[in-house]
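One-letter residues, chain by chain:
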Amino acid sequence: MTNQYLIDVLESVKKRNPGEPEFIQALTEVLESLEPVIEKRPDLVAAGVIERLVEPERQIIFRVPWVDDNGKVQVNRGFRIQYNSAIGPYKGGIRLHPSVNLGIIKFLGFEQIFKNSLTTLPMGGGKGGSDFDPKGKSDGEVMRFCQSFMTELCRHVGADLDVPAGDIGTGAREIGYMFGQYKRIRNEFTGVLTGKGLTYGGSLARTQATGFGVCYFTNEVLKANGMSFEGKKVIVSGSGNVAIYCNQKATELGATVIAMSDSNGYIYDPNGIDLAAVKQIKEVERKRIKEYVATHPGSTYTEGCAGIWSLPCDIALPCATQNEIDKASAELLAANGCKVVCEGANMPSTPEAIAVYFEKGIIYGPAKACNAGGVATSGLEMSQNSMRYSWSFEEVDAKLQDIMKSIFKACDDAAREYGMEGNYMAGANIAGFLKVAEAMKAQGCV
Ligand code: NDP
Ligand code: 2IT
């Protein structure tokens, strides 16, 4: 980055937000991409758009006390970052994982602004979470935690204000408990959360949407570069909500998914992963991925999740967590002939890994474009809740496909317009930014 104005903004953000490396990482990538835009648009600089954009509108941090099954009081920390509401109510997931801290939620909230803008739907950016670990907890413990979390959060969210959803550790069970508590305290039945169960206002296809959307986006990337999923070997990291439905759609589109993982290790099945078995282990039994090999002769389990990137593949779809692909893993992917990396997780590639993709000619689909199908379908859930109506699976899926195509086109067009053809990272950052920036300028200094 050579633009002194952007360098100064980045320096001041670093000073004001010490000890938040993931946040600074996400911010640096976006500011670097915006350099050519800033040089063309002095009006946005004059309106202070960048200085305002980097500072969250509101940051809420709260105590979450709950009682475990042994009668012992436990205390977690809850967060909600309401980052930007220029184009719609704050919208973004809730992450429940022991690694959660302010910097993690800020990086996710910041990314969400641009992602939500790309969806074409009217949603601002937000994110929340807690350092609570749902793993190994009973349903009763999870319920008491979720109720306590929502007892505080309900003051700050609402269908036209801020609409949380799932993320790591937050699935249908947790959303159900949070929705029930919100409804009870506020005495209203509104679309305050998305990812709800189908019997109480959830949208068909929301469960599948992020993973399916990753594949719809990847399909556009492949088509634009003269390829398809047909006959390709694919690695999908993770084995949670995004990974499972990513696997399903890649397989339906003709690929063979040869490996999946969890935070302990990875499974390799050269015949193609048996997804029904993974669903049973992860969604129903809530067990570890290594269980898979006991019932699947010919498959192997290896300890350590990063090893998954040492397997030869044509397409890599990281769907676990941030910074899961580092420089060494990216180099291994390239050396083994990987042609495309499209991100299901948020920020799964380190900046050094991304540099390797560009250097080695790996086509790169960035998270805020690839995985936007989840929040886009959350937006469709909000529309259905407002209308008191529900669309069929096919209707929602068709809208999701159209949205993913339009996101690809927006990224591709913006990259071309700024002389960086094929750089979908820059395209996503620029296209996502411009809509928000125009809205911020139009609304004045707020
Ligand atoms: P889940 O909780 O359903 O699954 C997470 C998966 O990632 C699990 O397999 C988990 O393994 C693994 N994982 C989590 N943390 C780590 C870690 N530190 N190291 C290695 N593996 C890890 O979450 P989702 O599938 O919903 O989310 C996955 C990613 O996709 C996240 O980055 C999330 O932000 C992103 N995303 C999710 C969307 C959604 O709609 N759910 C939308 C857009 C993006 P283990 O079981 O061992 O913890
Ligand atoms: O990162 C994400 O986009 C999500 N976790 C989904 C957010 C949402 O509001 O559906």
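This part is about the pairing of strand β8 (residues 265-268). Pairing of strand β7 (residues 256-261) with β8, which is carried by three bridges, proceeds in the antiparallel orientation. Each bridged residue has a counterpart across the sheet, and for Ser261 the counterpart in β8 is Tyr266. Looking at chain direction, β8 and strand β9 (residues 300-303) are connected through four bridges and run antiparallel. Following the sheet pairing, Tyr266 is matched in β9 by Thr302.

The subject of this paragraph is the packing of aromatic side chains. Tallied over the full model, the rule gives 16 aromatic pairs. For the ring pair Trp66 and Phe132, a centre distance of 5.3 Å and an interplane angle of 85° mean the geometry is edge-to-face. Residue Trp66 is found in strand β1 (residues 58-67), and its partner Phe132 is found in the loop between β4 (124-130) and α6 (139-153); the two are separated by 66 residues along the sequence. Relative to Tyr364, the ring of Phe358 lies with its centre 6.2 Å away and its plane at 85°, an arrangement referred to as edge-to-face. Residue classification places Phe358 among the partly exposed positions, given a relative accessible area of 37%.

Bringing the sheet that holds β1 into the picture now. Reading across from one edge, β1-β2-β4-β3-β5 is the order of the five strands in this open sheet, with mixed pairing throughout. Lying at the two open borders of the sheet, with one neighbouring strand each, are β1 and β5 (162-165). When the angles between neighbouring strand axes are averaged without regard to direction, this sheet yields 20°. With four bridges joining them, strand β3 (residues 90-96) and β5 adopt parallel strand pairing. Paired with Gly93 across the two strands is Ala165, which belongs to β5. Together, β1, β2 (73-84), β3, β4 and β5 form the strand contacts of α6, whose direction differs from that of β1 by roughly 145°.

Parameters at a glance
Residues numbered from 1 in each chain as written. Chains lettered and ligands numbered in written order. Predicted model: local features only at pLDDT ≥ 70, side-chain atom pairs only at ≥ 80, totals over all residues. Heavy atoms only, no water. Pairing = 2+ DSSP bridges. Helix = DSSP H or I, 4+ residues; strand = E, 2+ residues; numbered from the N terminus. Phe/Tyr/Trp six-rings, centres within 6.5 Å; stacked < 30°, edge-to-face > 60°. Buried < 20%, exposed > 50% of the residue type's maximum accessible area, 1.4 Å probe, protein only. Axes fitted to C-alpha atoms, helices over the stretch in contact; angles between N-to-C directions. Contact = heavy atoms within 4.5 Å.

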